[in-house]
Amino acid sequence: MAYIGKTIEPAFQFFADQTTAELAKSLRRKMTPCEKILWQRLRDHKIGGLKFRRQHPVKRYIADFYCHEARLVIEVDGLLHNYTDHAKHDQQRDGVMEDYGIKVLRFTNTRVRYHIHQVVREIREVALSRKGMVDKKAPADQ
């Protein structure tokens, strides 16, 4: 195959622009303490053999964690997310994710910090059930 100066964007990048991709890269170095706690449980295929990415761009947004196999976004929400204007932003953001067939799970910092085992159990259940749904749909999509 000849190279014609263009590359095809991988399907899991969801048309993020270069600025968003660079911001995501920067945010990987500045994870919050609760994001770090959860990342230690998600990384290296620890949940059902699934690969999670951290600070992953989806269109113009950046998901805290993303699993492409299950089309699942995990968000760790701090106190800022309790305010009305930020809740509206979260709704809009979740709508964009849903347009791509992505389910969003949100956990508060408190739940991640003090109930990590429950959080991981919930993520595992949802991710594995969604992976099963995605696998069943795959032949029809091809």
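Residues numbered from 1 in each chain as written. Predicted model: local features only at pLDDT ≥ 70, side-chain atom pairs only at ≥ 80, totals over all residues. Heavy atoms only, no water.

1. Regarding the pattern of salt bridges
Here is step 1 of the chain: Counted according to the given criterion, the structure contains 6 salt bridges.
Here is step 2 of the chain: Residue Asp-77 is joined to Arg-106 by a salt bridge in which the shortest nitrogen-to-oxygen separation is 2.9 Å. Of this pair, Asp-77 sits in strand β3 (residues 72–77) while Arg-106 sits in strand β4 (residues 103–108), and the two are 29 residues apart along the sequence.
Here is step 3 of the chain: Residue classification places Asp-77 among the buried residues on the basis of a relative accessible area of 10%.
Here is step 4 of the chain: Residue Arg-106 is classed as partly exposed on the basis of its relative accessible area, which comes to 24%.
Here is step 5 of the chain: The salt bridge involving Asp-94 is made with Arg-106; its shortest N-O contact spans 3.0 Å. Of the two residues, Asp-94 sits in helix α3 (residues 84–99) while Arg-106 sits in strand β4, which places them 12 residues apart along the sequence.
Here is step 6 of the chain: Members of the salt-bridge network, linked through shared partners, are Asp-77, Asp-90, Asp-94 and Arg-106. (Salt bridge = Lys/Arg side-chain N within 4 Å of Asp/Glu carboxyl O. Helix = DSSP H or I, 4+ residues; strand = E, 2+ residues; numbered from the N terminus. Buried < 20%, exposed > 50% of the residue type's maximum accessible area, 1.4 Å probe, protein only.)

2. Quick word on the side chain of Arg-93
Here is step 1 of the chain: Mapping Arg-93 onto the fold places it in helix α3.
Here is step 2 of the chain: Not counting the four nearest positions on each side in its chain, Arg-93 is found in contact with Tyr-61, Ile-62, Ala-63, Glu-75 and Arg-106. (Contact = heavy atoms within 4.5 Å.)

3. A word on the sheet that holds β4
Here is step 1 of the chain: Strands sit in the order β1-β2-β3-β4 across an open sheet of 4 strands; the sheet is mixed. One side of each edge strand has no neighbouring strand; the edge strands of this open sheet are β1 (53–58) and β4. On average, each strand axis in the sheet is tilted by 45° relative to the strand beside it, whichever way the strands run.
Here is step 2 of the chain: Most of the contacts of helix α1 (residues 18–28) go to β1, to which it runs at about 160°, and overall it touches β1 and β2 (61–67).
Here is step 3 of the chain: Of the strands in this sheet, β1, β2 and β3 touch helix α2 (residues 33–42), which is tilted by about 30° from β2. (Pairing = 2+ DSSP bridges. Axes fitted to C-alpha atoms, helices over the stretch in contact; angles between N-to-C directions.)

4. Re α1
Here is step 1 of the chain: For α1, the set of buried residues is Thr-20, Ala-24 and Ser-26. Along the axis of α1, the buried positions cluster into a sector of 160°, meaning they face one direction only. Away from the buried face of α1 by more than 90 degrees, exposed residues Gln-18 and Lys-25 are located.
Here is step 2 of the chain: Close packing links the buried residues of α1 with β1 and β2. (Arc of directions from axis to C-beta.)

5. So, the environment of Lys-30
Here is step 1 of the chain: For Lys-30, the location among the structural elements is in the loop between α1 and α2.
Here is step 2 of the chain: Along the chain, Lys-30 and Gln-55 lie 25 residues apart, while their C-alpha atoms are 9.9 Å from each other.

6. Examining the environment of Lys-59
Here is step 1 of the chain: Note on placement: Lys-59 falls in the loop between β1 and β2.
Here is step 2 of the chain: On a C-alpha basis, the gap between Lys-59 and Thr-20 in space is 8.1 Å, while along the polypeptide they are 39 residues apart.

7. Points about the packing of aromatic side chains
Here is step 1 of the chain: Going through the model one piece at a time under the given rule, you end up with 1 aromatic pair.
Here is step 2 of the chain: Taken together, a centroid distance of 5.9 Å and an interplanar angle of 10° make the contact between Trp-39 and Phe-65 stacked. Here Trp-39 is found in helix α2, whereas its partner Phe-65 is found in strand β2, with 26 residues between them in sequence.
Here is step 3 of the chain: A relative accessible area of 12% means that Trp-39 is categorised as buried.
Here is step 4 of the chain: By relative accessible area, Phe-65 is classed as buried at 0%. (Phe/Tyr/Trp six-rings, centres within 6.5 Å; stacked < 30°, edge-to-face > 60°.)

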